[in-house]
Amino acid sequence: GQPHRPHVPMTPFAYRAVDPRGRIVRGRLDAGNLAELELRLARLDLELLHGKPAPRRHAPWQRQLPRRELINFCFHLEQFLQAGVPIIESLADLRDTIEHPHFREIVTSLVGAIEGGETLSQALERHPQVFDNVFCSLIRAGERAGELPTVLRAISNALKRDDELAAFTRRIAIYPAIVALVILAAIGVALIHVVPELARLFHSAGQPLPLQTRLLIGLSSFVRSYGWLLLGGAGLGFIAFRHALASRPAFRLWFDGTLLRLPLLGDVRKKLILARFTGLFALMYSSGITIVDALNVAEDVVGNAALKEGLTRVGHGIERGLKLSEAFGAVNLFPPLVTRMLRVGESTGALDAALANVSYFYERDVREAIERLQAGIEPALTVILGMLLLAVMSAVMLPIYDIVTRMKI
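Sequence order sets the numbering: in each chain, residues are counted from 1 along the sequence as written. In keeping with the model being predicted, local features are shown solely for residues with a pLDDT of at least 70 and side-chain atom pairs are shown and tallied solely at 80 or more, while totals for entire chains, interfaces and linings include all residues. With hydrogens and water set aside, each side-chain value is computed from the structure's full complement of heavy atoms.

Undergrad: So what's going on with helix H1 (residues 34-43)? Which residues, and what values?
TA: For each residue, the accessible area found with a 1.4 Å probe, counting protein chains only, is set against the maximum for its type, and the residue is called buried under 20%, exposed over 50%, and partly exposed in between. To qualify as a helix, a DSSP run of H or I must reach at least 4 residues; to qualify as a strand, a run of E must reach at least 2; elements of each kind are numbered from the N terminus. By the burial criterion, the buried members of H1 are Leu37, Arg40 and Leu41. Projected down its long axis, H1 carries its buried residues within an arc of 100°, all on one side. Pairs of residues are marked as contacts when any of their non-hydrogen atoms sit within 4.5 Å. For H1, the elements touching its buried residues are strand E1 (11-18), strand E2 (24-31), strand E3 (47-53) and helix H4 (101-115). For this analysis, a polar contact is any N or O atom pair within 3.5 Å, provided that within protein one partner can donate a hydrogen and the other can accept it, and provided that sequence-adjacent residues contribute only side-chain to side-chain pairs. Between a side-chain oxygen at the N-terminus of H1 and the backbone nitrogen of alanine 35 the separation is 3.2 Å; the capping residue is asparagine 33. The directions from the helix axis to the C-beta atoms are what the arc is built from.

Given below as structure tokens:
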């Protein structure tokens, strides 16, 4: 590949421009100076009216892209390059088909950087919020091996698998979240509006109330008096919790380890993370990236401090001369079946095939675990909902039944 060129400092500019139809367009674009900004806007068929340096935006939601955009980017770029279209023309054609405004700006920036003499991997490194270390490392390996279309196809397939695993995860979360919201809303309305009216009726009857009714009235009074305080405290507690996770590594390590030890959900979460890790690790190793480098890059994407620490210990073990299967076996990160698969791959010289089998094993295991969990969640929620309704109904109906029987007497 080409020697690594130093990055030219880029400044974010806020601009106002006019499109071919005469409409005013406002946006942001990175450029070295105003002249470069004008050239980049011209490539977008925009004529610069006014531009000025703008502060950098750090909020993550302003930089994240849908995974589908990256999948389409890899697929189309692979098709162009496979057909022999030069990379600058490929990116320029791709830029004209992208509808996502922020991603269109990024691809425009890639075109400018490559025209300035950078490789694709160097241009991608300018946008770490969109193209992570794994993405850039794989592209760099593809450039060195002269197999960029093959690597792009592999990245696209890996992103599709990630998308499927994320869809499986959402499938678990959506149904319980909807049911929980409905239950909380119903209980909240009952405690704030219905129970106080019933409490007045019961007190006017002047009869002793059952324990569950007294508890329900007490809870209603507490919620009416301190509800907003509870909501505010919960909000502040959530902010403090997020801050502690971000600023205290020891707390993050404990919390992530606790998540993995949760009954049912912890096992599924661990399998989900290891499925993604093994898929990326297998992809990087088969692309020619060394085991230690692949581990160092892939451990940054697991998203769990406890598993990341385990992978770091695996890397240290390999640096000390352990085989991959021995290093993973020493930290009890994978079950014995997986370490045996790795050992067979090492002994036969087909470690890349063994890693691909490990990735397949975890993806299948995740799908089956999620399907089992989903099958168990729905009846469990039905039982919980029924018990809650039974508790509320008994607390309300028993005193009413007493009042009615007394009236008959």
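Right, picking up where we left off after that structure.
Undergrad: Residues and numbers for the sheet that holds E1, please.
TA: Whether two strands pair comes down to DSSP finding at least two bridges between them. Pairing in this open sheet of 3 strands is antiparallel, and the strands run E2-E1-E3 from one edge to the other. Whereas interior strands pair on both sides, the edge strands pair on one side only; in this sheet they are E2 and E3. For this sheet, the mean angle separating the axes of adjacent strands, direction not counted, is 25°. Under this scheme, a helix contributes an axis fitted over its contacting stretch, all axes are lines through C-alpha atoms, and angles between N-to-C directions fall in the 0 to 180 degree range.

Undergrad: Outline a nonpolar patch on the surface, supporting the account with residue identities and numerical values.
TA: Think of a patch as exposed residues, more than 30% relative accessible area, with no salt bridge, where like charges cluster within 9 Å and nonpolar side chains (Val, Leu, Ile, Met, Phe, Trp, Tyr) cluster within 5 Å. Residue burial considers only the protein chains on display, and all accessible areas are found by Shrake-Rupley using a 1.4 Å probe. Whenever Lys or Arg places a side-chain nitrogen within 4 Å of a carboxyl oxygen from Asp or Glu, that contact is recorded as a salt bridge. Judged by side-chain polarity, Phe222, Tyr226, Leu229 and Leu230 come together as a nonpolar surface patch covering roughly 430 Å² of accessible area. With respect to the helices and strands, leucine 229 occurs in helix H8 (residues 211-247).

Undergrad: Describe the pairing of E2, with residues and values.
TA: Each regular strand carries side chains that alternate between the two faces of the sheet. When E1 meets E2, the two strands line up antiparallel, connected through 8 bridges. In the sheet register, alanine 14 faces E2, and the bridge partner there is arginine 28. As consecutive antiparallel partners, E1 and E2 are separated by 5 residues, and within that stretch glycine 22 has a phi angle of approximately 90°, a positive value.

Undergrad: So, H4: which residues are in play, and what are the values?
TA: Helix span, expected: 1.5 Å multiplied by one less than the number of residues in the helix. Over its 15 residues, H4 extends 21 Å from the first C-alpha to the last, a length consistent with the 21 Å expected when each residue adds 1.5 Å. The buried fraction of H4 amounts to 12 of the 15 residues, a majority that puts the element mostly inside the structure. Along H4, the residues that are buried comprise His102, Phe103, Glu105, Ile106, Val107, Thr108, Ser109, Leu110, Val111, Gly112, Ala113 and Ile114. Of the surrounding elements, those touching the buried residues of H4 are E1, E2, H1, helix H2 (67-82), helix H3 (87-97) and helix H5 (120-124). Just downstream of H4 lies glycine 117, where phi reads positive at about 105°.

Undergrad: Which residues make up the pairing of E1, and what are the values?
TA: Note: E1 against E3, 6 bridges, orientation antiparallel. Within E3, the residue paired with valine 18 across the bridge is glutamate 47.

Undergrad: Give me the lowdown on the packing of H2 against helix H7 (residues 148-205), citing residues and values where you can.
TA: Put simply, H2 and H7 touch, their axes get as near as 9 Å, and they point 160° apart. Considered as vectors, H2 and H7 are oriented roughly antiparallel to each other. Between H2 and H7 lies a crossing whose hand is left-handed. Facing Arg67, Arg68, Leu70, Ile71, Cys74, Phe75, Leu77, Glu78, Leu81 and Gln82 of H2, the residues of H7 in contact are Leu148, Pro149, Leu152, Arg153, Ile155, Ser156, Leu159, Lys160, Asp162, Asp163 and Ala166. Broken down by class, the residue content of the contact of H2 with H7 amounts to 12 nonpolar, 2 polar and 7 charged. Just so you know how the angles are binned, under 35 degrees is roughly parallel, over 145 roughly antiparallel, 65 to 115 roughly perpendicular, and the rest oblique. Each crossing gets its hand from how the near helix is turned against the far one by less than a right angle, where anticlockwise is left-handed and clockwise is right-handed. Under the convention adopted here, Pro, Cys and the residues Ala, Val, Leu, Ile, Met, Phe, Trp and Tyr are nonpolar, Asp, Glu, Lys and Arg are charged, and Gly plus all remaining residues are polar.

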